[in-house]
Amino acid sequence: MERTIATIIHDLQQCHTISDEELILLLNKDSDALFTAADSVRKKVYGNDVYIRGLIEFTNYCRNNCYYCGLRRGNDTVIRYRLSKEDIIACCTEGYELGFRTFVLQGGEDFHYTDHDMCDIISTIRTLFPDCAITLSIGERSRASYQAYFDAGATRYLLRHETATDAHYKALHPDDMSLENRKQCLYTLKEIGFQVGAGFMVGAPGQTIENILADLRFLQELKPDMVGIGPFIHHHATPFRDMPNGSVELTFRILAIVRLMLPHVLLPVTTALSTCFEHGHIKGLCAGCNVIMPNLSPKNVRKHYNLYDNKHSSGTEAAEHLARLKREVAQAGYQIVTARGDVIKE
Ligand code: SAH
Ligand code: SF4
């Protein structure tokens, strides 16, 4: 007898394995039951708490040329900037006063900052803000570099795998990048002891439902502590300028499925999702998310960190409007907390 959506969700909620066909059924059909189940699983592990992370986009230089990204090195229309250590510390100081206890240092792959520079920045933040977590999102590096950052005091690392299918990875990146290296970096980071975040874009050009299936299966295998998933949004100065944006409905569904597959995961509502969908952060929380990452970068550089067109960095995306965000989140029945918000291990 054909199984209903309700029984499939129930099985997923009980951590039973479900087949590829059943997963595809969940991916293809909007179902309130899916969101309700994801919300209740999140509540069981993390309650109504929502963790906030202060996002500091400290460099928009990048040596890579990913076809989808506005910061790719081939885009010569970008006004490039780098923040100094002092600029970064000023962001942290402002963030700390606002209640942030995690700082996320994100940027292109910019080797202008040597390992020595990065370790100096990390250990200074560590010393000045001992009760805060430091997350890095600076791409693919060597094991020695990752180890040095960890020893300096960074404990989390976000590195989306982008797609778990080789052919699709090749369609999104030039030949000098490989899925194999990307995955290897994730396993290395895990071995070193980082809380690791993987993830992908929904609706990336060429993505099939089978690709999404492979992404979900890869997440089940890797068991990351964090998962970043947002819709693809085209950027006007990239090879994918004419490609359609990803579906927000599908993104919400995938987020809910990830919450059910990995009950303990830290799951942010991404800026891309909030950019595409008004009140995306609230709908994201209702779909099982429990992290929001407001922008702490200096206001004068925000407009230059354009991974995609119309990227939001004001409104509730901006750290300085935290009071408004807190109000909206509270109205929806959740609460923003002042805490490091480490992953709760099983
Ligand atoms: N350079 C680092 C971190 C910055 S990019 C890295 O690549 O890991 C952070 C994420 O932004 C990427 O992992 C990618 O998934 C996402 N991104 C890039 N271009 C995008 C686009 N056009 N639409 C949506 N997300 C995008
Ligand atoms: Fe660089 Fe990251 Fe953009 Fe790729 S996605 S071009 S690595 S900033």
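Treat the numbers as computed from the prediction; the structure is a model and nothing was measured.

(A) Highlighting the packing of aromatic side chains. Applying the stated criterion across every chain yields a total of ten aromatic pairs. Between Phe 103 and Phe 129, the ring centres sit 5.7 Å apart and the planes meet at 70 degrees, which makes this aromatic pair edge-to-face. Of this pair, Phe 103 sits in strand 3 (residues 102-107) while Phe 129 sits in the loop between helix 5 (115-128) and strand 4 (133-137), and the two are 26 residues apart along the sequence. Phe 129 gets classed as buried once you look at its relative accessible area, which sits at 8%. Seen from their ring centres, Tyr 157 and Phe 194 are 5.8 Å apart, and the 80 degrees between their planes marks the pair as edge-to-face.

(B) Looking closely at the side chain of Glu 162. Checked against the element boundaries, Glu 162 lands in the loop between strand 5 (156-158) and helix 7 (166-172). If near-sequence neighbours (up to four positions away) are discounted, Glu 162 is found in contact with Tyr 68, Tyr 169, His 173, Arg 182, Gly 199, Phe 200 and Met 201.

(C) Seen up close, helix 9 (residues 209-222). Here helix 9 contains 14 residues, and its C-alpha end-to-end distance of 20 Å stays within 8% of the 20 Å for a straight helix at 1.5 Å per residue. Residues of helix 9 that are buried: Asn 211, Ile 212, Leu 213, Asp 215, Leu 216, Phe 218, Leu 219 and Leu 222. Looking at the buried side of helix 9, the elements it contacts are helix 2 (20-28), helix 7, helix 8 (179-192), strand 6 (195-202), strand 7 (226-231) and helix 10 (248-261). Directly beyond the C-terminal end of helix 9, a positive phi value near 50 degrees is found at Lys 223.

(D) Quick look at the site of ligand 2. Residues in contact with ligand 2, as listed here, are Cys 62, Asn 64, Cys 66, Tyr 68, Cys 69, Arg 72 and Gly 108. Looking at side-chain class alone, the shell around ligand 2 contains four nonpolar, two polar and one charged residues.

(E) Spatial organisation of the sheet that holds strand 4. Spatial ordering of the open sheet is given by 2-3-4-5-6-7, a layout of six strands whose pairing is parallel. The open sheet has two edge strands with one neighbour each: strand 2 (54-59) and strand 7. If you compare each strand with its neighbour and ignore which way they point, the axes differ by 20 degrees on average. Relative to strand 4, strand 3 runs parallel, the two being bridged by five bridges. Opposite Val 104, over in strand 4, you have Thr 135 as the bridge partner. Relative to the sheet, helix 5 contacts strand 2, strand 3 and strand 4, its axis offset from that of strand 4 by approximately 155 degrees.

About the thresholds
Per chain, residues are indexed from 1 in the order of the written sequence. Each chain gets a letter, beginning with A, and each ligand a number, beginning with 1, in the order they are written. Only residues with pLDDT of 70 or above have their local features reported here, since the model is predicted, and side-chain atom pairs are shown and tallied only from 80 upward, although totals for entire chains, interfaces and linings are computed over all residues. Each side-chain value is derived from all of the structure's non-hydrogen atoms; neither hydrogens nor water enter the calculation. In this scheme Phe, Tyr and Trp rings, the latter by its six-membered ring, pair at centre separations within 6.5 Å, and the angle between planes marks the pair as stacked below 30 degrees, edge-to-face above 60, and tilted otherwise. Working definition: helices are DSSP H or I runs of at least four residues, strands are E runs of at least two. Numbering for both runs from the N terminus. Buried means the residue's accessible area, taken with a 1.4 Å probe over protein chains only, is under 20% of the maximum for its type, while exposed means over 50%, and partly exposed covers the values in between. Throughout, a residue-residue contact means that at least one pair of heavy atoms, one from each residue, lies within 4.5 Å. A helix's residues, less one, multiplied by 1.5 Å, set its expected span. Any residue with at least one heavy atom within 4 Å of a molecule or strand is counted as near it. Nonpolar residues are Ala, Val, Leu, Ile, Met, Phe, Trp, Tyr, Cys and Pro. Charged residues are Asp, Glu, Lys and Arg, and all others, Gly as well, are polar. The rule for pairing is simple: two strands pair if DSSP sees at least two bridges between them. Axes, fitted as lines to C-alpha atoms, cover a helix only where it is in contact. Angles between the N-to-C directions of the axes lie from 0 to 180 degrees.

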